[in-house]
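Secondary and tertiary structure notes
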Amino acid sequence: GLSDFGRAAIAEMNRMGMIVDVAHTGLRSSLEAARASTRPIAASHSACLALSEHCRNKSDEVVRAIADTGGYIGICCIPAFLGGAGDISAFLDHVDYAVKKFGADHVAVGTDMVYSTLRAREEREKYLPARQKTRPRFGSFWPEGDRLSDPAWQTPTQLASLAWTNWPRFTVGLVQRGHSDDDIRKILGGNVLRVLKANAG
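Residues numbered from 1 in each chain as written. Predicted model: local features only at pLDDT ≥ 70, side-chain atom pairs only at ≥ 80, totals over all residues. Heavy atoms only, no water.

This part is about the side chain of Asn191. Topologically, Asn191 is positioned in helix H9 (residues 181–200). Of the residues examined, Asn191 reaches a relative accessible area of 1% and is grouped as buried. At 2.7 Å, the side chain of Asn191 forms a polar contact with the backbone oxygen of Val107. Among residues more than four places away in sequence, those in contact with Asn191 are Tyr72, Ala104, Asp105, His106, Val107 and Lys186. (Helix = DSSP H or I, 4+ residues; strand = E, 2+ residues; numbered from the N terminus. Buried < 20%, exposed > 50% of the residue type's maximum accessible area, 1.4 Å probe, protein only. Polar contact = N/O pair within 3.5 Å; in protein donor to acceptor, adjacent residues only side chain to side chain. Contact = heavy atoms within 4.5 Å.)

Structure (structure tokens):
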């Protein structure tokens, strides 16, 4: 849960205009952070626990608490989080669920993906010297079956269907699922901008 120091940190973030982002936070701490914040918060890149039981996803109770702050859940593009086929259809299922349950004002796209070439590792090694790892990667603390090293974590085909370079497919998918133009604008970026302004103001 949220410690006294955590509550003080959130108060200071609110004062400074920093968004409280609980994407990597456990359910209890996420809930308590939402209740402690005086400004809208976000789970910037997550998914709905009701549709896929992954440790990084958020429960309905947590998303409702986030929505009650005026914030949003950003649906990510990580196949392991989305469950099912982990494709664009699974992504849209999470968007649909969140919109129906919490309203279009509280849903966004939070890909958690950046473009990388097939030679990204080779190119990185040219410029970044090898360094000794002093601690395990964050995914190693996840439950068995959810770890980044597991083969089911992601596949190139699934990721290609959700990469940020294919953003127009999100729009087409939302249209095909019957979302209104106004709601699509909110989901594709309007809600993120609104929360940024609410924290900065």
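Following the structure, the description resumes.
One open sheet accounts for three strands, arranged E1-E2-E3; its pairing is parallel. Two strands lie at the open edges of the sheet, namely strand E1 (42–46) and strand E3 (107–109), each paired on one side alone. Along the sheet, successive strands turn relative to each other by an average axial angle of 20 degrees, direction set aside. Note that E1 and strand E2 (residues 72–75) share three bridges and pair parallel. Within E2, the position partnered with Ala43 by the bridge is Ile73. (Pairing = 2+ DSSP bridges. Axes fitted to C-alpha atoms, helices over the stretch in contact; angles between N-to-C directions.)

Our next topic: the packing of helix H8 (residues 167–176) against H9. Across the interface, H8 lies against H9 with an axial gap of 10 Å and an inter-helix angle of 150 degrees. One finds that H8 runs roughly antiparallel with respect to H9. Crossing of H8 against H9: the hand is right-handed. Of the residues in H9, those touching H8 at Trp167, Phe170, Thr171, Leu174 and Val175 are Ile184, Ile187 and Leu188. Split by residue class, the contact of H8 with H9 holds seven nonpolar, one polar and no charged. (Parallel < 35°, antiparallel > 145°, perpendicular 65-115°, else oblique. Left-handed = near helix turned anticlockwise from the far one by under 90°. Nonpolar A, V, L, I, M, F, W, Y, C, P; charged D, E, K, R; others polar.)

Tallied over the entire structure, the rule returns nine salt bridges. We note a salt bridge from Arg177 to Asp93, for which the minimum N-O separation is 2.9 Å. With Arg177 in the loop between H8 and H9 and Asp93 in helix H5 (residues 88–102), the pair connects residues that are 84 residues apart, well separated along the chain. Since its relative accessible area comes to 31%, Arg177 is described here as partly exposed. Here the salt bridges share partners, and the residues they tie into one network are Arg7, Arg28 and Glu32. (Salt bridge = Lys/Arg side-chain N within 4 Å of Asp/Glu carboxyl O.)

Generally speaking, nonpolar side chains in soluble globular proteins are found buried as a group. In this structure, Val22, Ile75, Phe91, Val95, Val107 and Ile187 are the most contacted members of the largest nonpolar core, which totals 39 residues. Residue assignment for this core shows that the elements contributing at least two residues are helix H2 (27–36), helix H3 (60–68), E2, helix H4 (79–82), H5, E3, H8 and H9. The element that contributes the greatest number of residues to this core is H5, accounting for eight residues. (Core = buried A, V, L, I, M, F, W, Y, C linked by side-chain atoms within 4.5 Å.)

Here E2 shows no split at all, with Tyr72 and Gly74 on one side and Ile73 and Ile75 on the other all buried. Crossover handedness for the path E1 to H3 to E2: right-handed. Bridge analysis of E2 against E3 gives three bridges, and the strand direction is parallel. Paired with Ile75 across the two strands is Val109, which belongs to E3. (Right-handed = clockwise from strand over helix to strand, strands pointing away.)

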